[in-house]
Amino acid sequence: MAEQGSVDLNLVASTVNGSGSQSANLVLTRAVFAMGIPVAPKNLFPSNIEGLPTWFYLRANSAGYRAGRRRADLLVALDRATFQADIARLEPGGVLVFEEAFGAPPVEEGRPPLHLYPVPFGRLAKESVPDPDLRKYLTNMIYVGVVAEILGIPDTALEEALTHQFRTKPKALAANREALALGRDYFRANLTKIDSLRLRPLDRTSGQLLLEGNQTAALGAIMGGCTVLAWYPITPSSSLAEHLIGLADRYRIDPESGERRIATIQAEDELAAAGMVLGAGWAGARAMTTTSGPGISLMAEFVGLGYYAEIPAVFVDIQRVGPSTGLPTRTMQGDVSFAYTLSHGDTRHPVLLPGTVLECYEFLQQAFDLAEQLQTPVFVLSDLDLGMNLWMTDPLPYPEQGFERGKVLHKAELDQMQRFERYRDVDGDGVPWRTLPGTEHPLAAYFTRGSGHDEAARYTESEETYTRVMDRLARKLETGRDRLPAPVVDGESAEVGILAYGSSHHAVVEARDILKAKGTATEYLRLRALPAAPEVADFVARHSRVYVVDQNRDGQMHQILQVELGPQLAGRLRSVRHYDGLPLFAADLVEAIQREEGTAAAASRPASVAGMAR
């Protein structure tokens, strides 16, 4: 398609959970994507199964920005309960598509009038769909037809999106096609376009895919050699396990014998799942679990066992809002400090922080290697926004390297040895050698202990031995620093730095462009793992101020870095926090940094001038 101009549209659809809105939203998303326009969809849904309000944000942006926008250019209002509140989401002079039975909203004095498109969605569905159960699902597809007519989405793009969405439900395709056409036909016959919104085809999605982070993480686990998955359902991580099981059914069945090459177990709870994973890791399997914050809480004691007994395991945490049950279907980065030091006593774990769906795929593979190389639990921290929403991505590369199993002794090596001690560090990197159960050699056996033990795995309460073992465990993590994903730095040298991690990355990319246009240049470091790499200290040292972006109330990464960088550099860090459960918006980040920069500028002036400014 030929380029015909720039696009930046933010659409919000307000519907009711359990009404089939997700299918309609995805058809709209894929239709815009088929026009060659980069898209960033976000589904904000309640934690009940059916009946409460749900919102869908769709950002269509030719610059490729992946973060959403708080305000809408076009609002589809189908939920009477939130109708008035939803109108406040609209930009002044925006476009409102609404259920005709709600009545037109009042004109606000001093505010540009909205462009109104009343549509009798309920009546159209009732007249056209005899089945009342099916009617509520197809009502949402009628809205897609209306929006497609307003925005000029071609029939070819809609048909491509419909075919993809119902590829596994061909019987539903015809009914949804008819509902979509009903919306288009109604608009053409009864309404006149009065707004200026229009999507024009671009060519900026060629070769791109739309994938969820949980989907790519599941594929990464398969590619990483996962042979045991033990899990308990919890939002927002369940879909990762479900995707992994589906992939295993396709790719982990021996074609000749029909034997299944992976064990997937839904445990009775998260505590049991963690125990199964550690047992499998001790036995030599590449084992993982996937959960969210409440599940991580239950796994704490077993994680401590894995750390102290040095058992490889992968724990994937798709973060949601806490504490306690919190907001189960909202996003946050609230488990960072918890996961980093999970369990009682002195523990620290490698934590990988993917910021893209491609990294969800790559980091799951890397996590299995790290767990075996360092003989320890490894955490991968994604979040609901990254895990459960569709994201544009490059194709996922096929792994070029084999598995890194770390220090494992087999019979041939044991034959050359006089003795083997499971927890003896023989080469100074803090990582001992291990054997796997079933190794046919008299030296291979040992007893794994989660209580005090010496280098030969013998029980002891010796103070000197305990201190020596704990110091070695700390040294082991230092050995692993250079094996963790390195930070990514972008931008030229500037006085101001921004440090972020995880899904915050996408808002930071856009915010930096806005700040630059307003006269504030920034350099950006994206942290991708803990413990922090040496490059982080170098980055902070060359900036007067570094804004650490956290999606949690307490600035958890800010606190961690203050400790890890020490007092000499900690004073340069500034905390920017976002914790309302919505994905981070670029405009909010810009506002926070500009506010802090104004304070910093005032503080740098002579006292009398700064006093006048205040």
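Residues numbered from 1 in each chain as written. Predicted model: local features only at pLDDT ≥ 70, side-chain atom pairs only at ≥ 80, totals over all residues. Heavy atoms only, no water.

A. Examining the domain arrangement of the protein more closely. Each assigned domain of the protein is listed with its residue range as follows: domain 1 (8-206), domain 2 (211-393), domain 3 (407-485) and domain 4 (488-609). The C-alpha centroid of domain 4 is placed 36 Å from the C-alpha centroid of domain 1. Opposite the nine residues of domain 1 that make contact, domain 4 presents 12 residues. For the domain 1 and domain 4 pair, buried surface summed over both sides reaches about 890 Å², with 60% attributable to carbon and sulfur atoms. (Domains from an automatic or database assignment. Contact = heavy atoms within 4.5 Å. Buried area = accessible area lost by both parts, 1.4 Å probe.)

B. Seen up close, empty space enclosed by the protein. Overall, the coordinates contain seven cavities of 30 Å³ or more when judged by the stated rule. Estimated volume of the largest cavity: approximately 50 Å³. In terms of lining residues, the largest cavity is bounded by Q319, Q333, V336, L353, P354, L381, S382, D383, L386, Y501, G502 and S503. The greatest single-element share of the lining of the largest cavity, amounting to three residues, is contributed by strand β13 (residues 377-383). Residue classes in the lining of the largest cavity are distributed as six nonpolar, five polar and one charged. Each of two domains, domain 2 (211-393) and domain 4 (488-609), supplies a minimum of three residues to the lining of the largest cavity. (1 Å grid on protein atoms, 1.4 Å probe; cavity = no way out; pocket = protein on both sides within 12 Å on 5 of 7 lines; lining within 4 Å. Points joined across faces, edges and corners; volume = space filled by probe spheres on them. Helix = DSSP H or I, 4+ residues; strand = E, 2+ residues; numbered from the N terminus. Nonpolar A, V, L, I, M, F, W, Y, C, P; charged D, E, K, R; others polar.)

C. A look at the pattern of salt bridges. Using the criterion set out here, one finds 42 salt bridges in the structure. One salt bridge connects R286 with D369, and the closest N-O pair in it is separated by 2.7 Å. On the criterion of sequence distance, the pair formed by R286 in the loop between α9 (270-282) and β10 (287-291) and D369 in helix α13 (residues 357-374) is long-range, its members being 83 residues apart. Judged by its relative accessible area of 4%, R286 is buried. (Salt bridge = Lys/Arg side-chain N within 4 Å of Asp/Glu carboxyl O. Buried < 20%, exposed > 50% of the residue type's maximum accessible area, 1.4 Å probe, protein only.)

D. Spotlight on the packing of aromatic side chains. Tallied over the entire structure, the rule returns seven aromatic pairs. With 5.1 Å between their ring centres and 55 degrees between their planes, F83 and F102 make a pair best called tilted. Remark: F102 occurs in the loop between β5 (90-99) and β6 (115-119) and F83 occurs in helix α2 (residues 83-87); sequence separation between them is 19 residues. Here F83 and F102 have matching classes, each one buried. Measuring from centroid to centroid gives 5.4 Å for F315 and F379, while their planes differ by 25 degrees, and the two rings are stacked. Here the residue F315 occupies a position in strand β11 (residues 313-319), and F379 occupies one in strand β13, the gap between them amounting to 64 residues. The cationic tip of R286 hangs over the ring face of F403; the distance from NZ or CZ to the ring centre is 4.6 Å. (Phe/Tyr/Trp six-rings, centres within 6.5 Å; stacked < 30°, edge-to-face > 60°. Lys NZ or Arg CZ within 6 Å of the ring centre and 35° of its normal.)

E. Spotlight on the pairing of strand β14 (residues 390-393). Burial along β14 is two-sided: L390 and M392 facing one way and W391 and T393 facing the other are all buried. Bridge count between strand β7 (residues 209-212) and β14: four bridges; the pairing is antiparallel. Bridge assignment links L211 to a residue of β14, and that residue is W391. (Pairing = 2+ DSSP bridges.)

F. Geometry of the packing of helix α7 (residues 213-223) against α13. In contact at an axis separation of 7 Å, α7 and α13 are set at 30 degrees when each is read in the N-to-C sense. Taken as axis vectors, α7 and α13 run roughly parallel relative to one another. Seen along the crossing, α7 lies across α13 with a hand that is right-handed. Residue-level inspection shows G213, T216, A217, L219, G220, A221 and M223 of α7 in contact with α13, the latter providing V357, C360, Y361, L364, Q365 and F368. (Axes fitted to C-alpha atoms, helices over the stretch in contact; angles between N-to-C directions. Parallel < 35°, antiparallel > 145°, perpendicular 65-115°, else oblique. Left-handed = near helix turned anticlockwise from the far one by under 90°.)

G. Layout of the side chain of T82. Secondary-structure assignment places T82 in the loop between β4 (72-77) and α2. Those residues within four positions of T82 in sequence are excluded, and the remaining contacts are S14, P53 and W55.

H. Structural context of the nonpolar core. Among the nonpolar cores identified, the biggest contains 57 residues, and L74, Y143 and I153 are the most heavily contacted of them. Looking at this core, the element that brings in the most residues is helix α4 (residues 132-151), giving 10 residues. Excluding its chain neighbours within four sequence positions, the residues that come into contact with L74 are N10, L11, V12, L90, V95, V97, V147, I150, L151 and L197. L525, L530, F539 and L561 belong to the second-largest nonpolar core, a separate cluster that totals 46 residues. (Core = buried A, V, L, I, M, F, W, Y, C linked by side-chain atoms within 4.5 Å.)

I. How the structure looks around the pairing of strand β9 (residues 263-266). Relative to β9, strand β8 (residues 228-231) runs parallel, the two being bridged by four bridges. Paired with V228 across the bridge in β9 is A263. On the question of chirality, the crossover connecting β8 to the parallel β9 by way of helix α8 (residues 238-251) is right-handed. (Right-handed = clockwise from strand over helix to strand, strands pointing away.)

J. The arrangement of the layout of surface pockets in detail. Here the largest pocket is characterised by a volume of approximately 1,300 Å³. Lining the largest pocket are 44 residues, with Q22, S23, L26, Q165 and E212 sitting closest to its centre. Looking at the lining of the largest pocket, the elements that each hand over two or more residues are α1 (21-34), α4, α5 (155-165), α6 (170-190), β7, α8 and α14 (384-388). By residue number, the principal contributor to the lining of the largest pocket is α1, which donates six residues. Taken together, the residues of the lining of the largest pocket break down into 18 nonpolar, 22 polar and four charged.

K. Local environment of the sheet that holds β10. Taken in spatial order, the seven strands line up as β9-β8-β10-β11-β13-β12-β18 in an open sheet, and their pairing is mixed. At either margin of the open sheet sits one strand with a lone partner, and together these are β9 and β18 (529-530). Of the strand pairs in this sheet, β8 and β10 are connected by two bridges, and their pairing is parallel. Within β10, the position partnered with V228 by the bridge is A287.

L. Representation of the sheet that holds strand β15 (residues 488-490) in the model. Taken together, five strands build an open sheet; the order of strands is β15-β17-β16-β19-β20 and the sheet is mixed. Edge positions in the sheet fall to β15 and β20 (573-577), since each has one partner strand and no second. On average, each strand axis in the sheet is tilted by 20 degrees relative to the strand beside it, whichever way the strands run. As judged from the four bridges shared by strand β16 (residues 496-501) and strand β19 (residues 545-550), these two strands associate in the parallel manner. Across the sheet, the residue bridging to G497 is V546, located in β19. Packing of helix α18 (residues 534-541) onto the sheet brings it into contact with β15, β16, β17 (522-527), β19 and β20, and relative to β17 it is tilted by some 160 degrees.

M. Local environment of the environment of T435. Considering the arrangement of structural elements, one finds T435 in the loop between α15 (411-415) and α16 (463-480). Once the C-alpha coordinates of T435 and A88 are considered, the two residues, 347 residues apart in sequence, prove to be 63 Å apart. Residues contacting T435, with those up to four places away along its chain left out, are L409, L414, F420, A444 and Y446. There is a polar contact of 2.6 Å between the side chain of T435 and the backbone oxygen of A444. (Polar contact = N/O pair within 3.5 Å; in protein donor to acceptor, adjacent residues only side chain to side chain.)

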